[in-house]
Structure formats: structure tokens, C-alpha cells
Amino acid sequence: MSSRSTNPGGASRVRRRALLGTAVLVVLVALAGLAAYVTRDGRISSKAPAPQVSSTSPSSPTASASASSRPHGSRGELPVPPSTHDPIAFGKAAAAALWSYDARAYSQRELVAALRGWLTSERKYADTASVDALVPSRVLWKEMAANGQFATAKVNEAHFPDSFTQALQADPGAITTAYVYAVTVSGKQSIAWKGSSHGGAENRVTTLAVQCRPSRPCALAGVLSAVAP
């Protein structure tokens, strides 16, 4: 018997992932070349002429302050999405939220719920599974909580990959279907636990799909499986 119909939940996730990919691919040359653009003042407008695109953006205090400015050992708060129309600014904040956690301050379920609050309300573009996958399992979270483990993040840089930028410059109107942008963010995640003086740290980089419709603030569409340089 064919197994194609035995897992409707899995099929639904595949369809949702495909829709997200299609939304991003509208303005792509290839899957490996994701990028996006913003207008000169950082806002998107369907009536504006072809924008001037900056390929990089330095980390701003507002993007990573909640994740990187807390004193060592202080308890973190659940991440809250910023109200912005700038995909780069939102991407920085989202990456900081995804790279941060505090098993001492809240449960795994609470963190999952908080991160889902960053997702777009347009369900066909919201890849919930890609966000959930970045949160430790409940079993692991219990061990982390027992050890008082927490992580903070510092965002160093965010940019729109060249191939995406070039594709959008070639066809600026393509973005207006779903207004889904790709933002690659790099930074560092620092992890500490009970009894540790410094903990450990590692560099992180990820590409996010960010939806920024002109009529409402940006929201997260998902986390891409591969990093777009």
C-alpha cells in the first residue's frame, strides 16, 4: 500500500514549506541566492520606484539589546517582536530571539509560544516547524533548567545576499505578491550555566524569511534550511 496518504500532517507541513519557498522564490534567481531590498528610508512602498539596495547593515542597538546587554547571570525575558517595517531590523531582532533562551526563567512551552508570536498571521506563509525546530526538546529543556542554563546573543551584521538583490532589481514588482524577504544574519551565541564563570560561545549565521507588507509591521515567515551567503 502506498504511504503517501498515511501522514496528512506531514503532507500539510510539506505544502506549507513549499508555499513559503514559492513566496521567496518569486524574487530569486536560485534557491541558494536569497536576498531582499528596502527603500531608501527602510520602508516598503508598492508605489515607490526601484530602490537603492544596501547589501550590508551593521548591528544596531535596538536589534540586539534585549539579547546581549543583560548582565551575566541575570534572568532573561521572553522575546517580543519589534514593530518595524524594515526587514533588516526585524531580521536582526528575530535572529537574536532565536539564538537566546533562559531555562531558569520560563518553560520550553512558553518559549515556543513566544517565538510563534513572531510568525506572520498568514498561515500559508508561516513555516512554524522551522522555528519550533530551533527550540530544545522538552526533555533536554528539563536538563537545561536543572543546570540553570541560558544563552544570550549578539548580532554583528545582517544583509541581503547579492543574487536576491540582483533578481529584485531586475524585477522590482515581483516582491508585491507576498512581500517575503530573505535576510541573512550573523552573530554570536554565548551559553552559560549554573556554576560557570564564562561558559562557551560560538558564531552563528542564519537566513530568515521575513514578511513586510506595507500595511503592517514585519513578521517572521520562517527559517531557511540553508544559509544564503
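Everything numeric in this text was worked out from a predicted model, so none of it was measured. (Residues numbered from 1 in each chain as written. Predicted model: local features only at pLDDT ≥ 70, side-chain atom pairs only at ≥ 80, totals over all residues. Heavy atoms only, no water.)

Visitor: Any details on the pairing of strand β3 (residues 150-159)? Residues and values, ideally.
Guide: Within β3, eight of the ten residues are buried, which leaves it mostly tucked inside the rest of the structure. As paired elements, strand β2 (residues 101-102) and β3 share two bridges and run antiparallel to each other. Its bridge partner being in β3, Y101 is matched across the sheet by A151. Direction of pairing for β3 relative to strand β4 (residues 180-192): antiparallel, over a ladder of nine bridges. Along β4, the bridge assignment pairs A158 with V185. (Buried < 20%, exposed > 50% of the residue type's maximum accessible area, 1.4 Å probe, protein only. Helix = DSSP H or I, 4+ residues; strand = E, 2+ residues; numbered from the N terminus. Pairing = 2+ DSSP bridges.)

Visitor: Describe in detail the pattern of salt bridges, supporting the description with residues and values.
Guide: All chains considered together, the criterion is met by four salt bridges. A salt bridge links D132 to R116, with the shortest nitrogen-to-oxygen separation between them at 2.5 Å. Here D132 is found in helix α5 (residues 128-132), whereas its partner R116 is found in helix α4 (residues 108-116), with 16 residues between them in sequence. Exposure remark for D132: the relative accessible area of 23% places this residue in the partly exposed category. Of the charged contacts in the structure, one is a salt bridge between R213 and E122, with a shortest N-O distance of 2.5 Å. (Salt bridge = Lys/Arg side-chain N within 4 Å of Asp/Glu carboxyl O.)

Visitor: I'd like to hear about the environment of W99, residue by residue, with values.
Guide: The residue W99 is located in the loop between α3 (87-98) and β2 in this model. In this structure W99 comes out as buried when scored by relative accessible area, which is 2%. Expressed as a C-alpha distance, the spacing of W99 and G187, which sit 88 residues apart in the sequence, is 9.3 Å. Discounting chain neighbours no more than four positions away, the residues touching W99 are A151, T152, A153, V155, V185, S186, G187, K188, Q189, R204, V205 and T206. (Contact = heavy atoms within 4.5 Å.)

Visitor: Help me get a handle on the side chain of Q149, residues and values and all.
Guide: Structurally, the position occupied by Q149 is in the loop between α6 (138-146) and β3. By relative accessible area, Q149 is classed as buried at 17%. Within polar-contact distance, the side chain of Q149 engages the side chain of Y101 at 2.7 Å. With sequence-adjacent residues up to four places away left out, Q149 is seen in contact with Y101, D102, A103, R104, M144, I191, A192 and W193. (Polar contact = N/O pair within 3.5 Å; in protein donor to acceptor, adjacent residues only side chain to side chain.)

Visitor: Hey, could you go over the state of the cysteines for me, with residue numbers and the actual values?
Guide: In total, this model carries one disulfide according to the counting rule given. Between the sulfur of C212 and that of C218 lies a disulfide, 1.9 Å long from S to S. Because the sign of the S-S torsion sets the handedness, a value of about 115 degrees for the bond joining C212 and C218 places this disulfide among the right-handed ones. For the pair C212 and C218, one class covers both residues: buried. (Disulfide = S-S within 2.5 Å.)

Visitor: Which residues make up the environment of R116, and what values do they have?
Guide: Relative accessible area serves as the criterion here: at 42%, R116 is assigned to the partly exposed category. Distance from R116 to D132, taken between C-alpha atoms, is 8.0 Å for residues 16 residues apart in sequence. If near-sequence neighbours (up to four positions away) are discounted, R116 is found in contact with T128 and D132.

Visitor: If you had to explain the nonpolar core to someone new, which residues and values would you point to?
Guide: Counting residues in each nonpolar core, the largest one holds 39 residues, and the members touching the most others are L208 and L220. For this core, the secondary-structure elements that each account for two or more residues are α3, α4, α6, β3, β4, β5 (200-211) and β6 (219-223). Examining the composition of this core, we find that eight residues originate from one element, α3, more than from any other. The contact partners of L208, leaving out residues within four places of it in the chain, are G91, A94, A95, L98, Y181, A182, V183, L220, G222 and V223. By size, the runner-up hydrophobic cluster in this structure holds six residues, among which are Y125, V180, A209 and L224. (Core = buried A, V, L, I, M, F, W, Y, C linked by side-chain atoms within 4.5 Å.)

Visitor: Let's hear about α4: which residues, and what values?
Guide: Residues of α4 that are buried include every one of Q108, L111, V112, A114 and L115, and no others. Considered in projection along α4, the buried side chains sweep an arc of 165 degrees and stay on one side of the axis. Among the exposed residues of α4, those oriented more than 90 degrees off its buried face are R109 and A113. (Arc of directions from axis to C-beta.)

Visitor: So what about the pairing of β5? Which residues, and what values?
Guide: Direction of pairing for β4 relative to β5: antiparallel, over a ladder of twelve bridges. Across the sheet, the residue bridging to T184 is T207, located in β5. As judged from the four bridges shared by β5 and β6, these two strands associate in the antiparallel manner. In the strand pairing of β6, V210 is matched with L220.

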